[in-house]
Amino acid sequence: MAGPLADLETKISATDTGGLDRLRLVEVPFVPEVRLHLAEDAIVWWARMEAEAGAVLPPPYWASAWPGGQALARYVLDHPEAVTGLRVLDLAAGSGLAAIAAGLAGAVSVTANDIDPYALAVIGMNARANRVDVRQADGDLLDGDGLDADLILAGDVFYRRALADRMLPFLERAAARGARVLVGDPGRVFLPADRFRVVASYHGSASDSVEDAEISRMDVLQLLS
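First, a word on what this report is: a plain description of the structure on this page. What you are looking at is a predicted structure, and each value in this text was computed from that prediction instead of being measured.

One non-glycine residue, Ala-92, lies in positive phi territory at about 50 degrees. In the Ramachandran plot, Leu-147 falls in the positive-phi region, its phi being about 55 degrees despite a non-glycine side chain. Tracing the backbone shows Leu-147 in the loop between β5 (135–138) and β6 (151–155). Residue class for Leu-147 comes out partly exposed when judged on its relative accessible area of 45%.

What follows is the structure, encoded as structure tokens:
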């Protein structure tokens, strides 16, 4: 069975590019400086992957540009001083959008972390498409403190209770050792808003997912010390 990278490359290079079950390299609407391999329809793409695998697979979060990640990417591109010369970790990176933006904005090194091997494969593809260097780090990092990163970027990490309950302690440990923590969030119910201050807000929907269809505001927030 082909690995995730070979599998994605085969699907993208297929001569039949029609239909909703495809990945395409496209500009991100809210961050047109960045191009990503995104699904025409993430739900249809997910169904195709499961049908081909003959098994239940985790949702392809990496196949969409989530609003929190778009807010972070917009922020670092508009404020390159926030990343220039720093070591950056994009946590639960998905498509790698925030990581790629950090690389474009002048970060000295960028690491993108995700637990999904398909996410890591597409992050590498997306980084190459944007001509930036992004190191992929697999596995669950939430019991640590963010490696040696000077800046932690975390987009859309408070959408589930179980994840939120682990995420905040991780981010607090990273901040305690001196890292700056920026979170991109469109008002998720499990965001502990009292632990953050808003540093930028963007209006207008940047999501193509059904669950986020009503989003009209995306915030970038910094963890309070």
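Another aspect to go through is the packing of helix α1 (residues 4–12) against helix α5 (residues 117–129). Where α1 meets α5, the closest approach of the two axes is 8 Å, and the angle between their N-to-C directions is 60 degrees. As judged from the angle between their axes, α1 and α5 are oblique. Between α1 and α5 lies a crossing whose hand is right-handed. Residue-level contacts link Pro-4, Leu-5, Asp-7, Leu-8, Glu-9 and Ile-12 of α1 to Pro-117, Tyr-118, Ala-121, Val-122, Met-125 and Arg-128 of α5. When its residues are assigned to classes, the contact of α1 with α5 shows nine nonpolar, no polar and three charged.

Bringing the nonpolar core into the picture now. Leu-36, Tyr-75, Val-83, Val-134, Leu-153 and Val-220 are the most contacted members of the largest nonpolar core, which has 39 residues in total. Looking at this core, the elements that each hand over two or more residues are β2 (31–39), α3 (67–78), α4 (97–105), β4 (109–114), α5, β6, β8 (196–203) and β9 (217–223). Per-element accounting of this core gives the leading share, seven residues, to α4. The residues touching Val-83, leaving out its near neighbours within four places in the chain, are Val-76, Val-88, Ala-102, Ala-105, Gly-106, Ala-107 and Leu-151. Core analysis: the next-biggest nonpolar cluster, separate from the first, contains 22 residues, Ala-154, Ala-164, Leu-171 and Val-183 among them.

Let us look at the packing of aromatic side chains. For any pair of aromatic rings, geometry is given as the distance between the ring centres together with the angle between the planes. Enumeration over the complete set of coordinates arrives at seven aromatic pairs. Their ring planes at 10 degrees and their centres at 6.1 Å tell us that Trp-62 and Tyr-118 sit as a pair that is stacked. Residue Trp-62 is located in the loop between α2 (42–53) and α3, and its partner Tyr-118 is located in helix α5; the two are separated by 56 residues in the primary sequence. Pair check on accessibility: Trp-62 and Tyr-118 agree, each one buried. Taken together, the aromatic side chains of Trp-45, Trp-62 and Tyr-118 make up a single cluster linked through ring pairs.

A word on the sheet that holds β8. Within a sheet, each strand pairs with its neighbour through backbone hydrogen bonds, oriented either parallel or antiparallel. With mixed pairing, the seven strands of this open sheet are ordered in space as β5-β4-β3-β6-β7-β9-β8. Edge positions in the open sheet fall to β5 and β8, since each of these has one partner strand only. Here the strands of the sheet are splayed against their neighbours by 20 degrees on average, with no regard to which way each runs. Bridge count for β8 against β9 is seven bridges, and the pairing is antiparallel. From the neighbouring strand, Val-198 faces β9, where its bridge partner is Leu-221. Here α3 sits on the sheet and contacts β6, β7 (180–185), β8 and β9; the angle it forms with β7, its principal contact strand, is near 130 degrees.

Right, let's talk about the environment of Lys-11 for a bit. Position of Lys-11 relative to the elements: it lies in helix α1. With relative accessibility at 10%, the residue Lys-11 sits in the buried group. Along the backbone, Lys-11 and Ala-53 are 42 residues apart, and their C-alpha atoms lie at a distance of 14 Å. In this view, Lys-11 contacts Arg-22, Trp-45, Arg-48 and Glu-52; residues no more than four positions away in its chain are not counted.

Attention now moves to α3. Helix length check: α3 (12 residues) gives 16 Å between terminal C-alpha atoms against 16 Å at 1.5 Å per residue, within 8%. In terms of burial, α3 is largely enclosed, as 11 of its 12 residues are buried. Restricting attention to buried positions, one finds in α3 the residues Pro-67, Gly-68, Gly-69, Gln-70, Ala-71, Leu-72, Ala-73, Arg-74, Tyr-75, Val-76 and Leu-77.

Assignment of secondary structure puts Gln-222 in strand β9. Accessibility expressed as a relative area gives 17% for Gln-222, which makes it buried. Of the polar contacts made by the side chain of Gln-222, one reaches the side chain of Arg-180; its length is 3.0 Å. Beyond its immediate stretch of four places on either side in the chain, Gln-222 contacts Arg-180, Val-181, Leu-182, Arg-195, Phe-196, Arg-197 and Val-199.

Conventions used here
- Residues numbered from 1 in each chain as written.
- Predicted model: local features only at pLDDT ≥ 70, side-chain atom pairs only at ≥ 80, totals over all residues.
- Heavy atoms only, no water.
- Helix = DSSP H or I, 4+ residues; strand = E, 2+ residues; numbered from the N terminus.
- Buried < 20%, exposed > 50% of the residue type's maximum accessible area, 1.4 Å probe, protein only.
- Axes fitted to C-alpha atoms, helices over the stretch in contact; angles between N-to-C directions.
- Parallel < 35°, antiparallel > 145°, perpendicular 65-115°, else oblique.
- Left-handed = near helix turned anticlockwise from the far one by under 90°.
- Contact = heavy atoms within 4.5 Å.
- Nonpolar A, V, L, I, M, F, W, Y, C, P; charged D, E, K, R; others polar.
- Core = buried A, V, L, I, M, F, W, Y, C linked by side-chain atoms within 4.5 Å.
- Phe/Tyr/Trp six-rings, centres within 6.5 Å; stacked < 30°, edge-to-face > 60°.
- Pairing = 2+ DSSP bridges.
- Expected span 1.5 Å × (residues − 1).
- Polar contact = N/O pair within 3.5 Å; in protein donor to acceptor, adjacent residues only side chain to side chain.

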